[in-house]
Amino acid sequence: MPAAAAAPGDDGGPDGGPAGALDAARAGVFEALGDPVRRRLLELLVAGEQPAGALVAALQARVRITQPAVSQHLKVLREAGLVQVRAEGTRRLYAVDDAGTAAAQAWLARFEDTFAQPLDALATELARGRRDRRRAATREETAQGEAAG
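Note that the structure is a prediction, hence the values are computed from the model and not measured.

1. A short note on the confidence of the model for the protein
Summary statistics for the protein give a mean pLDDT of 80 and a share of 79% for residues scoring 70 or more. Note on residues 1-21: pLDDT is under 50 here. Beyond four places in sequence and across chains, it has 25 contacts.

Set out below in structure tokens:
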């Protein structure tokens, strides 16, 4: 399902506008990812295209789930634009939809700087603490050497 176009000036739109409300398409992506079964399905599909039967079997090995329930989860992922399906005879093959995951990554990328600056400051403070401890140890060694000599 293609992503819905945001209106001009819409917060969080494709133009990289200010943070704000998600448009309906991106909201659907994150709602779909809110379920652990759907996240597991995406994890299984990262390895590559797989038939629905293999996905059902992989999930059933970990949790009690029916084939119709798996089909419903796959439908939600497909409607959110996170997976795509193609028919091969009677089989349905599922794969990660790169466009859908790229939209989610682009939205999340806006927060990288938000986390980077505090982490950089923490790294600076940790380095400063190590430097101060080394200087204190050197002064102590020097004082002990002078007292002994």
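That covers the picture; the talk isn't over yet.
2. Here's the deal with the pattern of salt bridges
Scanning the entire structure with this criterion turns up six salt bridges. Of the charged contacts, one joins arginine 86 and glutamate 88 as a salt bridge, the two residues approaching to 3.5 Å between their closest N and O atoms. According to the relative accessible area criterion, arginine 86 is partly exposed, its value standing at 37%. Note that arginine 131 and aspartate 132 form a salt bridge whose closest N and O atoms lie 3.6 Å from each other.

3. Points about helix H2 (residues 36-45)
Buried within H2 we find Val37, Arg38, Leu41, Leu42, Leu44 and Leu45. Across the axial projection of H2, the buried residues extend over an arc of 160°, all falling on one side. Measuring from the backbone nitrogen of valine 37 back to the side-chain oxygen at the start of H2 gives 2.8 Å, which picks out aspartate 35 as the cap.

How each quantity is defined
Residues numbered from 1 in each chain as written. Predicted model: local features only at pLDDT ≥ 70, side-chain atom pairs only at ≥ 80, totals over all residues. Heavy atoms only, no water. pLDDT = per-residue confidence, 0-100. Contact = heavy atoms within 4.5 Å. Salt bridge = Lys/Arg side-chain N within 4 Å of Asp/Glu carboxyl O. Buried < 20%, exposed > 50% of the residue type's maximum accessible area, 1.4 Å probe, protein only. Helix = DSSP H or I, 4+ residues; strand = E, 2+ residues; numbered from the N terminus. Arc of directions from axis to C-beta. Polar contact = N/O pair within 3.5 Å; in protein donor to acceptor, adjacent residues only side chain to side chain.

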